[in-house]
Amino acid sequence: MNRLNRDRNRQINPDPASTGQERFVRRLRRHRITVQAVRILILILFLLLWEICADRGIIDSFIFCSPSRIFLCLRDMVADRSIFLHTGVTLYETIASFLLVTAIGILAAVLLWCSRSLSEILEPYLVVLNSLPKSALAPLLIVWLGAAPATIIVAGMSVAIFGSIMNLYTCFTTVDKEKIKLIRTLHGNRRHALFKVVLPSSVPAVISNMKVNIGLCLVGVVIGEFLAARNGLGYLIIYASQVFKMDWLILSICLLCIMAMALYAVIGVVEKMYRKRF
């Protein structure tokens, strides 16, 4: 009977804390919807302004193209399926280079963490290689490996690998020293400290590093396709610029933007799954 009375009182006089929380959640939801709507509106206004300026002759439609011409170009390339070939090649090379960078970066950072002498010896070389413009390495890679997909994958790796190793190694060395001291107090060795403390504590940093690497690998792959490819969006950009097919060129750039956003979103989903689980 008392419980029934309490439930009735809650319906008549709701808890102020829960009411405030509901208002906060609604306000947060409205803010997110507003942000998404404004983003879409800006994109639509930009495309409309671009189309109107090209149609009225305010800008040169041959040089700057127009959204309608780009859409027609996309329709034609979908019909002959050539766009799937170029997009698929670039996507495959980017994912392959990204996975290799992630695996090699973690392994190399672990080796440097395990051997302080090795890290002190290799640190200046990593700094120099990371600072080197990677576009300068692409012609050398073509001479060494030839004009093959493996060359483009290596070019994509070269942009991200050295920075990835340095960032992960720095993260490993900044792990809580007290936890490592506890492992040693319990008669654990360096391997126990690595697998029980260092790697689990560094997972968020590894995911953040992956977010950066996916974009860098895409940049490296496009640079490689500029120089040594017969397929791919990078090759399509260079070819389109040579024959003045500006609709092909701008369409390729738009597809690269969409690809970058999609790959970044996939890693974002992985990060959310990790946070929910742990």
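Residues numbered from 1 in each chain as written. Predicted model: local features only at pLDDT ≥ 70, side-chain atom pairs only at ≥ 80, totals over all residues. Heavy atoms only, no water.

A. Fine view of the overall build of the protein. Helix and strand content of the protein: 13 helices and 0 strands. Order of helices (α) and strands (β) in the protein, N terminus to C terminus: α-α-α-α-α-α-α-α-α-α-α-α-α. Overall size of the protein, expressed as C-alpha extent along the three principal axes, is 80 × 65 × 30 Å. Counting over 278 residues, the protein shows a buried share of 32%. Sequence separation of at least 24 residues holds for 71% of the intrachain contacts in the protein that already meet a minimum separation of 6. Here the protein contributes 31 positive and 16 negative side-chain charges, whose respective centroids are spaced 12 Å apart. (Helix = DSSP H or I, 4+ residues; strand = E, 2+ residues; numbered from the N terminus. Buried < 20%, exposed > 50% of the residue type's maximum accessible area, 1.4 Å probe, protein only. Contact = heavy atoms within 4.5 Å. Lys, Arg positive; Asp, Glu negative; His and termini not counted. Charge placed at Lys NZ, Arg CZ, Asp CG, Glu CD.)

B. Just empty space enclosed by the protein, in detail. Applying the stated criterion across every chain yields a total of 2 cavities of 30 Å³ or more. In this structure, the largest cavity spans a volume of roughly 40 Å³. The wall of the largest cavity is formed by Ala 138, Leu 141, Ile 142, Thr 151, Ile 152, Ala 155, Gly 224, Leu 227 and Ala 228. Tallied by class, residues from the lining of the largest cavity come to 7 nonpolar, 2 polar and no charged. Put simply, the second largest cavity is a space of about 30 Å³. Every residue along the wall of the second largest cavity is listed here: Thr 102, Ile 106, Ser 164, Leu 168, Val 206, Asn 209, Met 210 and Asn 213. For the lining of the second largest cavity, the secondary structure elements donating two or more residues are helix H5 (82–114), helix H8 (149–173) and helix H11 (203–228). Ranked by residue count, the leading element in the lining of the second largest cavity is H11, at 4 residues. (1 Å grid on protein atoms, 1.4 Å probe; cavity = no way out; pocket = protein on both sides within 12 Å on 5 of 7 lines; lining within 4 Å. Points joined across faces, edges and corners; volume = space filled by probe spheres on them. Nonpolar A, V, L, I, M, F, W, Y, C, P; charged D, E, K, R; others polar.)

C. Focus on the pattern of salt bridges. Within this structure, the stated rule accounts for 4 salt bridges. Between Arg 75 and Asp 76 there is a salt bridge, and its shortest N-O distance comes to 3.8 Å. Salt-bridge contacts for Glu 178 lead to Lys 181; the nearest nitrogen and oxygen are separated by 4.0 Å. Of this pair, Glu 178 and Lys 181 both sit in helix H9 (residues 177–185), 3 residues apart, which is roughly one turn of that helix. Connected through salt bridges with shared partners, the residues Lys 211, Glu 271 and Arg 275 form a single ionic network. (Salt bridge = Lys/Arg side-chain N within 4 Å of Asp/Glu carboxyl O.)

D. View of the packing of aromatic side chains. Taken as a whole, this structure holds 4 aromatic pairs when the rule is applied. Taken together, a centroid distance of 6.1 Å and an interplanar angle of 20 degrees make the contact between Tyr 235 and Tyr 239 stacked. Of the two residues, Tyr 235 and Tyr 239 are both situated in helix H12 (residues 233–243); the distance of 4 residues between them amounts to about one turn of the helix. The partly exposed category is assigned to Tyr 239, whose relative accessible area is 33%. Every member of this aromatic cluster is reached through a ring pair, and the members are Tyr 235, Tyr 239 and Trp 248. Here Arg 190 stacks its cationic end above the ring of Trp 113, 4.2 Å away from the centre of that ring. (Phe/Tyr/Trp six-rings, centres within 6.5 Å; stacked < 30°, edge-to-face > 60°. Lys NZ or Arg CZ within 6 Å of the ring centre and 35° of its normal.)

E. View of a positive patch on the surface. Judged by side-chain charge, Arg 23, Arg 26, Arg 27, Arg 29, Arg 30, Arg 32, Lys 272 and Lys 276 come together as a positively charged surface patch. Of all elements in the fold, only helix H2 (16–56) and helix H13 (246–277) reach the threshold of two or more residues within the positive patch. Within the secondary structure, Arg 26 sits in helix H2. (Patch = residues over 30% accessible without salt bridge, like charges linked within 9 Å, V, L, I, M, F, W, Y side chains within 5 Å. Areas by Shrake-Rupley, 256 points an atom, 1.4 Å probe, with all protein chains shown as cover.)

F. Just the layout of surface pockets, in detail. A volume near 420 Å³ is recorded for the largest pocket. Around the largest pocket, the lining comprises 14 residues; the ones closest to its centre are Leu 43, Leu 47, Ile 70, Cys 254 and Ile 258. Elements that contribute at least two residues to the lining of the largest pocket include exactly H2, helix H4 (67–79) and H13. Among the elements that line the lining of the largest pocket, the one with the most residues is H13, at 6 residues. Here the residues of the lining of the largest pocket sort into 14 nonpolar, no polar and no charged.

G. The arrangement of a nonpolar patch on the surface in detail. On the surface, Ile 40, Leu 41, Ile 44, Leu 45, Leu 48 and Ile 52 cluster together to form a nonpolar patch covering roughly 550 Å² of accessible area. By the element assignment, Ile 52 lies in helix H2. Residue Ile 52 is classed as partly exposed on the basis of its relative accessible area of 44%.

Limitation: the analysis is restricted to geometry and does not speak to function.
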